[in-house]
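# Close look at the chain arrangement
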Amino acid sequence: MAGKVKWVTDIEKSVLINNFEKRGWVQVTENEDWNFYWMSVQTIRNVFSVEAGYRLSDDQIVNHFPNHYELTRKDLMVKNIKRYRKELEKEGSPLAEKDENGKYLYLDFVPVTYMLPADYNLFVEEFRKSPSSTWIMKPCGKAQGKGIFLINKLSQIKKWSRDSKTSSFVSQSNKEAYVISLYINNPLLIGGRKFDLRLYVLVSTYRPLRCYMYKLGFCRFCTVKYTPSTSELDNMFVHLTNVAIQKHGDYNHIHGGKWTVSNLRLYLESTRGKEVTSKLFDEIHWIIVQSLKAVAPVMNNDKHCFECYGYDIIIDDKLKPWLIEVNASPSLTSSTANDRILKYNLINDTLNIAVPNGEIPDCKWNKSPPKEVLGNYEILYDEELAQGDGADRELRSRQGQSLGPRAGRSRDSGRAVLTTWK
Amino acid sequence: MLQEESDLSLIIAQIVQKLKGSNLYSQLERQAWASLQRPEIKLESLKEDIKEFFKISGWEKKLQNAVYSELSVFPLPSHPAAPPEHLKEPLVYMRKAQGSWEKRILKSLNSMCTELSIPLARKRPVGEQKELLNKWNEMGTDEPDLSLFRPVYAPKDFLEVLINLRNPNYENGDSLSFRTHLGLIQVPLKVKDIPELKECFVELGLNIGQLGIDDSTQVPPELFENEHVRIGQKVLAEQDSAAAQQYIRQGSPTALRAELWALILNISSQPEDVLYYEQLKTNVIQHDLLVDSLIYKDVKLTASNDDYYFVFEDYLYQVLLCFSRDTSVLSHFAFNSASPPKSYIRGKLGLEEYAVFYPPNGVIPFHGFSMYVAPLCFLYHEPSKLYQIFREMYVRFFFRLHSISSHPSGIVSLCLLFETLLQTYLPQLFYHLREIGAQPLRISFKWMVRAFSGYLATDQLLLLWDRILGYNSLEILAVLAAAVFAFRAVNLMEVTSLAAAEKKNHLRELKSMYLDDIVKIHGLFWLF
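What you see is a predicted model, and the numbers here were worked out from it, not measured in a lab.

Of the regular secondary structure elements, chain A holds 12 helices and 16 strands. Taken across its 422 residues, chain A has 56% of its residues classed as buried. Expressed as a percentage of contacts within chain A between residues at least 6 apart in sequence, the contacts between residues at least 24 apart total 70%. Carbon and sulfur atoms make up 50% of the accessible area of chain A, which totals about 18800 Å².

Below, the structure is given as structure tokens:
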């Protein structure tokens, strides 16, 4: 029997460290022989960069995929999803079916998005089609709501115009890149407030795709009432749900402006009915899986890697979910006591799946943990299992026919059921 | 037999009298007139034909529901010669105790008024009115200085009053015997014992399917849940109050709950109801009441800090501020042992012509009052409907939780029921807790006064309130409180002080408890 797992991290968070220590793992530095490294995204860049020449051995595991940014950078995510849709369309897949307006029936889950300055002209064309619309500008490489602003006039983004004399065309470094997306100005409001959903998804392998959804996601509410009024476009407390932003407003440290997903489910079932609520949650699971499938072909499916993503989803007032972005390094900071417990358990369950039995890992294992260790995770999609059942079930379920036996019911998520479509 | 018949005809006469003044009556009249144009209505058989028409068009059902509603609320039959106070509360000593408690509350309110030099009521200047109207949907963002306000009373103050209640006609002797009641409540009220509870709450028996238990993971939906939902949909289609009340004893499916509660409480949002609510809103805009600040403070202290209800903060103001001004609530004082506080126009103290009820609805809110409204926000998001449902819940049930009376659903009886259950069936635990100075009632009182709102997770709380509506009784609160103690008995036996009993997760963790943990494992009444 091998010795204890040696761990390293460059993220000093108690929810991580407590989990390592409770397993009796031994802390080491990155220069020593380590088995498990929980890295920040900067570090993973270095580890897998060509110059580093790092070779991970069989008993080493890290918490990011080398090119996770294909999913977690806002512009690349959109690019990959667009590519995926076109491919499906080309091969005539029924998934890529469009409606009479040319909108994808099943794959329209990302708001219309353009890269700036690259797609500036395309964007202008789209903008002019509905000039009263609002758009949201997001820097590609930043997080926590930094640098985001809303616009409703072309003049507000003049400097991204390629023809503009003031454009920073010359220094087209990645850092200047922005995405501009159609702003969802009709979000579902509860108690008059806007909120978004944060869901955690663990991917242990991309090919075959095996991913798990954490049952205990949460909603993040804005502290201020929502108004689409143009006078409040600058008020980030109204529009951005990031805790990093809301923390500076009228923030409450007991509940942290957060609701569990089961509260959301109870509220929606009570006020809207069971069918539409179940349909909403099914759609949410669907879009997560589709986004992973979209990047799977370009992902470096390094067997030393797993990753726990933070998915941000907004629901509009027609109960349609929209994928806003995927975070590679979801915040492990706790803003309330409940939060700390949730994140502690999240890491705990993640480690149980990624590092079986808490023993020294062997990256050659089949990455199929037994059901008992899943904890609060549920299998979201298992490509190996799915392929056994045939691909036509996928289409039938998308067309609204019966979805087959429920994969599993759980009390905690208010019986959020994961469907068995493929 | 003759007595029963005359009782019945008296009740019928009273209900008819009451309904004659209602909106339903005028609607029925209108419908009857309009029906004369229909071909099937013939002059020779006018009465029968109209009756038949009412039956087919669903109006008879509406009348049935209204009558059923009156019967649910109607006080217990009493002697025809009994004075109106007896309807409020038959026992003199209880009436007296309630009276002096009210005096204390009013004194406290008046002294706060004088200390802070704030009038009980004042008309808002026009500018302020406009501002409030603009902010109507986000009153929570207002940050008035409430530091000087304190709640008029908290549940624990009320508990002290109940502990000191004594029946002057009752002598239980100085010597302790096995019959001595060891709890805090020392009045001899009749409460149900386990066999009687079992009979009364027969649908909660182990052999009958329950939502909250039989729809959880291990039980396949075909066995109970699907059929139960189907029946619920049928009940709603029939729009039958009585059937709904019977149905909900086994718990309501989440998606049907809002409609079922409205049906049982006989609430249908008519245009006049919406108008009435708007009128109340106008009253709020025009006049500022001292109790408004108490309401603000209460919401900020309780619901705003609650994981489940903080989202609905603004709805709470919209409901409670209007509630304070709703004089239709005054009618429930006919069967409430409490009486609305009276205040006098400035300078006219003691002159009856210048007396007004204060607040206009006669209900002074206490610490935690807003938690009666909060859970309802999960079901209704239209303010006037939410308002109606809350008002009806208050005048049927919640008022009993903070007034002194001998009613079986009154808080005194609930406390006694709780203590008796514990002492009879868990004597060792009861004795141990008493010895360490942790009288069980001191812990469970606040749960019962709030009908467990804020103490149970919302989905579990709604299942509990389903049963309150189903059985038209609050006794289930006492039984649940006792069941919680029984469920945690093992841990509680190890505790050595009141603080420890409350602090330790055993009881703080109510929020993560599922009714089925308590009910299924033991069966609510087979617990004992």
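Right, let's get into the sheet that holds strand β5 (residues 113-116) of chain A. Residues and elements named next belong to chain A. If you walk across this open sheet you meet the 4 strands as β5-β8-β6-β7, and the pairing is antiparallel. Edge positions in the open sheet fall to β5 and β7 (149-151), since each of these has one partner strand only. Recorded for the sheet is a direction-independent mean angle of 30° between the axes of neighbouring strands. Of the strand pairs in this sheet, β5 and strand β8 (residues 178-182) are connected by 4 bridges, and their pairing is antiparallel. In the sheet register, Met115 faces β8, and the bridge partner there is Val179.

Now for the state of the cysteines. All names here are of chain A. Under the criterion given, the structure shown has 0 disulfides over all chains. The structure places no disulfide on Cys363, whose sulfur is separated from the nearest cysteine sulfur, that of Cys305, by 9.3 Å. You can call Cys363 buried: its relative accessible area is 2%.

All names here are of chain A. Burial within strand β15 (residues 321-327) is extensive, with 6 of its 7 residues counted as buried. Summarising the sheet, strand β14 (residues 307-315) and β15 pair through 6 bridges and their orientation is antiparallel. Within β15, the position partnered with Ile315 by the bridge is Pro321. As consecutive antiparallel partners, β14 and β15 are separated by 5 residues, and within that stretch Leu319 has a phi angle of approximately 60°, a positive value.

All names here are of chain A. The 4 strands lie next to each other as β2-β1-β3-β4, forming an open sheet whose pairing is parallel. Lying at the two open borders of the sheet, with one neighbouring strand each, are β2 (26-27) and β4 (61-62). Across 3 bridges, strand β1 (residues 6-9) lies against strand β3 (residues 36-38) in parallel orientation. Each residue of the ladder has a partner; that of Val8, found in β3, is Tyr37. In the packing of helix α1 (residues 14-22) onto the sheet, the strands contacted are β1 and β3, and the crossing angle to β1 comes to about 175°.

Right, let's get into the packing of helix α8 (residues 155-163) of chain B against helix α19 (residues 440-449) of chain B. Each pair of packed helices gets described by two things: the angle between the helix axes and the distance between those axes. Residues and elements named next belong to chain B. At a minimum axis distance of 10 Å, the contact between α8 and α19 shows a crossing angle of 115°. As α8 runs across α19, the sense of the crossing is right-handed. Where α8 abuts α19, its residues Pro155, Phe158, Leu159, Glu160, Leu162 and Ile163 lie against Leu441, Arg442, Phe445 and Val449.

Here we take up the packing of aromatic side chains. A full pass over the atoms with the stated rule returns 55 aromatic pairs over all chains. With a centroid separation of 5.8 Å and an interplanar angle of 50°, the aromatic rings of A:Phe123 and A:Phe127 are classed as tilted. Taken together, the residues span about one helical turn, with A:Phe123 and A:Phe127 both in helix α5 (residues 120-129) at a distance of 4 residues. Each member of the pair, A:Phe123 as well as A:Phe127, carries the same accessibility label: buried. With a centroid separation of 6.4 Å and 45° between ring planes, the pair formed by B:Phe390 and B:Tyr394 is classed as tilted.

One can expect most non-glycine residues to show negative phi and most peptide bonds to be in trans. Cis geometry marks the peptide bond from A:Leu116 to A:Pro117; its omega dihedral reads 5°. That bond from A:Arg207 to A:Pro208 is cis: its omega, 0°, falls within 30 degrees of zero. Tracing the backbone through its elements, the reader meets A:Pro208 in the loop between β10 (193-206) and β11 (209-214). One non-glycine residue with positive phi stands out, namely B:Asn266, at about 60°. Mapped onto the fold, B:Asn266 is located in the loop between α12 (254-264) and α13 (271-286). Not every positive phi belongs to a glycine, and B:Phe452 is a case in point at roughly 70°. You can see B:Phe452 is positioned in the loop between α19 and α20 (458-471). Taking the relative accessible area as the measure of exposure, B:Phe452 reaches 0% and is therefore buried.

Attention now moves to the pattern of salt bridges. Across all of its chains, the model carries 37 salt bridges over all chains by this definition. A salt bridge links A:Asp75 to A:Arg73, with the nearest nitrogen and oxygen atoms 2.7 Å apart. No difference in accessibility class separates A:Asp75 from A:Arg73, as the two residues are buried. In this structure, A:Asp382 engages A:Arg210 in a salt bridge whose closest nitrogen and oxygen atoms are separated by 3.1 Å. With A:Asp382 in strand β16 (residues 377-382) and A:Arg210 in strand β11, this residue pair connects regions lying 172 residues apart in the sequence. One salt-bridge network, held together by shared partners, links B:Arg122, B:Arg124, B:Glu128, B:Asp288, B:Asp292 and B:Arg325.

Residue and element names in this part refer to chain A. Looking at where Arg198 falls in the secondary structure, it is placed in strand β10. Given a relative accessible area of 6%, Arg198 falls into the buried group. A distance of 2.9 Å separates the side chain of Arg198 from the side chain of Asp312, its partner in a polar contact. Sequence-distant contacts of Arg198, defined by excluding residues within four places in its chain, comprise Gly217, Phe218, Arg220, Gly310, Tyr311, Asp312, Asn327, Pro330 and Ser331.

Here we come to the side chain of B:His402. Here B:His402 shows up in the loop between α16 (383-396) and α17 (411-425). The class of B:His402 is buried, set by a relative accessible area of 11%.

Residue and element names in this part refer to chain A. Neither face of strand β12 (residues 218-221) is open: one carries Phe218 and Arg220, the other Cys219 and Phe221, and all of them are buried. Direction of pairing for β10 relative to β12: antiparallel, over a ladder of 4 bridges. Paired with Phe195 across the two strands is Phe221, which belongs to β12. Relative to strand β13 (residues 258-260), β12 runs antiparallel, the two being bridged by 3 bridges. Counterpart to Phe218 in the pairing with β13 is Thr260.

Right, let's talk about the nonpolar core for a bit. Grouped together as the largest cluster of nonpolar side chains are 216 residues, with contacts concentrated most on A:Tyr206, A:Leu292, B:Phe390 and B:Ile411. For B:Phe390, the contacting residues outside a window of four places in its chain are B:Val319, B:Leu320, B:Phe323, B:Phe369, B:Tyr372, B:Val373, B:Leu376 and B:Phe398. A:Trp7, A:Leu16, A:Trp38 and A:Tyr212 belong to the second-largest nonpolar core, a separate cluster that totals 28 residues.

Residues and elements named next belong to chain A. Per-residue confidence for chain A gives a mean pLDDT of 82; residues scoring 70 or more make up 82%. Taken together, the stretch residues 164-175 has pLDDT below 50 and engages in 11 contacts with residues farther than four places along the chain or on a different chain. Between residues 399-422, whose pLDDT stays under 50, and residues either more than four places distant or in other chains, the model counts 74 contacts.

What follows concerns the environment of A:Ala337. Structurally, A:Ala337 can be placed in helix α10 (residues 337-354). Each C-alpha atom, one on A:Ala337 and one on A:Gly256, is 9.2 Å from the other, the two residues being 81 residues apart in sequence.

Counting all residues, the mean pLDDT for chain B is 85, and 87% of those residues have values of 70 or more. The lowest-confidence element of chain B is helix α24 (residues 505-508) of chain B, averaging 52 in pLDDT; the highest-confidence one is α16(B), averaging 96.

Residues and elements named next belong to chain B. When the terminal C-alpha atoms of helix α14 (residues 290-301) are compared, their 17 Å separation across 12 residues agrees well with the 16 Å that a helix rising 1.5 Å per residue should span. Residues of α14 that are buried include every one of Leu290, Val291, Asp292, Ser293, Leu294, Ile295, Tyr296, Lys297, Asp298 and Val299, and no others. Each element contacted by the buried residues of α14 is listed here: α6 (92-116), β2 (287-289) and α15 (313-324).

All right, on to a nonpolar patch on the surface then. Nonpolar side chains collect at one region of the surface, where B:Trp33, B:Leu36, B:Leu43 and B:Leu46 lie side by side and expose about 460 Å² of accessible area between them. Here B:Trp33 lies in helix α2 (residues 23-35).

Residue and element names in this part refer to chain B. Along its 12 residues, helix α3 (residues 46-57) runs 16 Å from first to last C-alpha, staying within 8% of the 16 Å computed at 1.5 Å per residue. Buried residues of α3: Asp49, Ile50, Phe53 and Phe54, and no others. Across the axial projection of α3, the buried residues extend over an arc of 140°, all falling on one side. The exposed residues of α3 that point more than 90 degrees off its buried face are Lys47, Glu48, Lys51 and Ile56. At its buried positions, α3 is contacted by α2 and α4 (59-73). The first or second residue beyond α3 is Gly58, which carries a positive phi of 90°.

Conventions and cut-offs
- Starting from 1, residues in each chain are numbered consecutively following that chain's sequence as written.
- Each chain is given a letter, starting from A, and each ligand a number, starting from 1, according to the order in which they appear as written.
- Under the rules for a predicted model, residues below a pLDDT of 70 receive no local features and side-chain atom pairs below 80 are neither given nor counted, while totals for whole chains, interfaces and linings still include all residues.
- Side-chain metrics in this entry use all non-hydrogen atoms of the structure; hydrogen atoms and water are not considered.
- Note on conventions: DSSP H or I runs of at least 4 residues are helices, E runs of at least 2 residues are strands, and numbering of each starts at the N terminus.
- Think of it in three bands: residues with accessible area under 20% of the maximum for their type are buried, residues over 50% are exposed, and the middle band is partly exposed, with areas taken using a 1.4 Å probe on protein chains only.
- Between two residues, a contact is recorded if the distance between any of their heavy atoms is within 4.5 Å.
- All accessible-area figures derive from a Shrake-Rupley calculation using a 1.4 Å probe, and residue coverage is judged against the displayed protein chains alone.
- Two strands are said to pair when DSSP picks up at least two bridges between them.
- Whenever a helix is involved, its axis is fitted only over the stretch in contact; in every case the axis is a line through C-alpha atoms, and angles between N-to-C directions fall within 0 to 180 degrees.
- The disulfide definition used here is simple: a pair of cysteine sulfur atoms within 2.5 Å.
- Whether a crossing is left-handed or right-handed is set by the direction in which the near helix is turned from the far one by less than a right angle, anticlockwise for left-handed and clockwise for right-handed.
- Any Phe, Tyr or Trp ring, taking Trp's six-membered ring, that has another such ring centre within 6.5 Å forms a pair; planes under 30 degrees apart are called stacked, those over 60 apart edge-to-face, and the others tilted.
- A pairing counts as a salt bridge when a side-chain nitrogen of Lys or Arg comes within 4 Å of a carboxyl oxygen of Asp or Glu.
- The term polar contact refers here to a pair of N or O atoms within 3.5 Å; inside protein, the definition further demands a hydrogen-donor-capable atom paired with an acceptor-capable atom, and it admits residues adjacent in sequence only when both atoms are side-chain atoms.
- To qualify as a nonpolar core, a set must consist of buried Ala, Val, Leu, Ile, Met, Phe, Trp, Tyr and Cys residues joined through side-chain atoms within 4.5 Å.
- pLDDT: the predictor's confidence for each residue, scored from 0 to 100.
- Multiplying 1.5 Å by the helix residue count minus one yields the expected span of that helix.
- Only residues whose relative accessible area exceeds 30% and that form no salt bridge are eligible for patches; like-charged ones are grouped when within 9 Å, while nonpolar side chains (Val, Leu, Ile, Met, Phe, Trp, Tyr) are grouped when within 5 Å.
- The arc refers to the directions leading from the helix axis to the C-beta atoms.

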